[in-house]
Amino acid sequence: MAGARTYINKQIHRVRGLFRWGTRKELVPPHVLEALRSVKALRSGRTEARETDPVRPVPEAHVQAIRPYVARQVWGLIELMLLTGARAGELVRLRSV
């Protein structure tokens, strides 16, 4: 079974980054990095790699069901995510100026 196209593309990007770092540190000759740049990402519908289903939002009833079990501060973050569409990682880094 073939891996997911998006996962394969992330791995291609990761390998390129590794060799880019190696080139900066003079551990890899620049022509190797240049050759890796010619490796193209897999395109949708043009490969045997499987496509993943889009990530869908959790039903709001499921979110409401956990309310009694989370701390007030966590519930505040959840409500803010619902109102803004922000990700959890973005909100926990939020600071006042």
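Each value, and the rule that gives it
- Residue numbering note: each chain is counted from 1, following its sequence as written.
- With the structure being a predicted model, the display of local features is reserved for residues of pLDDT at least 70 and the display and counting of side-chain atom pairs for 80 or more, all residues being used for whole-chain, interface and lining totals.
- Hydrogen atoms and water are omitted, and side-chain values are computed over all heavy atoms in the structure.
- Put simply, DSSP H or I for four residues or longer makes a helix, DSSP E for two residues or longer makes a strand, and each gets a number counted from the N terminus.
- Contacts are assigned to residue pairs that have any heavy atoms within 4.5 Å of one another.
- Each helix should span, by expectation, one fewer than its residue count multiplied by 1.5 Å.
- For every residue, the accessible area obtained with a 1.4 Å probe (protein chains only) is divided by the maximum for its type, and the residue is called buried under 20%, exposed over 50%, and partly exposed between those limits.
- Working note: the arc is built from the helix axis to C-beta atom directions.
- We count Lys and Arg on the positive side and Asp and Glu on the negative side, and we leave His and both chain ends out.
- Between Lys or Arg on one side and Asp or Glu on the other, a salt bridge is scored when a side-chain nitrogen of the former is within 4 Å of a carboxyl oxygen of the latter.
- Axis geometry follows a simple rule: fit a line to the C-alpha atoms, using only the stretch in contact for helices, then measure angles between N-to-C directions, giving values from 0 to 180 degrees.
- In this scheme, roughly parallel covers angles under 35 degrees and roughly antiparallel covers those over 145, while 65 to 115 is roughly perpendicular and the rest are oblique.
- Crossing handedness is defined as follows: a turn of the near helix away from the far one that is anticlockwise and smaller than a right angle gives a left-handed crossing, while the clockwise case is right-handed.
- Note on residue classes: Ala, Val, Leu, Ile, Met, Phe, Trp, Tyr, Cys and Pro are nonpolar, Asp, Glu, Lys and Arg are charged, and everything else, Gly too, is polar.

Colleague: Would you mind showing me how to read the side chain of Asn 9 here?
Modeller: You can see Asn 9 is positioned in helix α1 (residues 5-24). Apart from residues lying up to four places away in sequence, Asn 9 is in contact with Ala 41 and Leu 42.

Colleague: So what exactly am I meant to see when it comes to α1 here?
Modeller: Compared with the 28 Å implied by 1.5 Å per residue over 20 residues, the 29 Å span of α1 between its first and last C-alpha is a close match. Listed as buried for α1 are Arg 5, Asn 9, Ile 12, Arg 16, Gly 22 and Thr 23. Seen end-on, α1 carries its buried residues on one side only, within an arc spanning 140°. Residues of α1 that are exposed and angled more than 90 degrees away from the buried face: Tyr 7, Lys 10, Arg 14, Leu 18 and Arg 24. Of the surrounding secondary structure, the elements contacted by the buried residues of α1 are α2 (30-37). Positive phi shows up at Glu 26, right after α1, with a value of about 60°.

Colleague: Before we go on, may I ask you to explain the side chain of Arg 16 in this structure?
Modeller: For Arg 16, the location among the structural elements is in helix α1. An unpaired buried charge is present at Arg 16: no salt bridge exists, and Glu 34, the closest side chain of opposite charge, is 10 Å distant.

Colleague: Mind showing me how you'd approach the packing of α1 against α2 here?
Modeller: Each pair of packed helices can be summarised by the angle the axes make with each other and by the distance between the axes. The geometry of α1 relative to α2 is characterised by a closest axis approach of 9 Å and an angle of 160° between their N-to-C directions. Classified by the angle their axes make, α1 and α2 are roughly antiparallel. Crossing of α1 over α2 shows left-handed handedness. Between α1, through Arg 16, Phe 19, Arg 20 and Thr 23, and α2, the contact on the second element is made entirely by Pro 30, Val 32, Leu 33, Leu 36 and Arg 37. Classifying every residue of the contact of α1 with α2 by side-chain character gives five nonpolar, one polar and three charged.

Colleague: I'm lost on the pattern of salt bridges in this one. Help?
Modeller: Two side chains with opposite charge may pair up if their charged atoms get near one another. The full count for this structure, using the stated rule, is two salt bridges. One salt bridge connects Glu 34 with Arg 37, and the closest N-O pair in it is separated by 3.2 Å. With Glu 34 and Arg 37 both in helix α2, this residue pair falls three residues apart, about one helical turn. With a relative accessible area of 48%, Glu 34 lands in the partly exposed category. The partly exposed category is assigned to Arg 37, whose relative accessible area is 43%.

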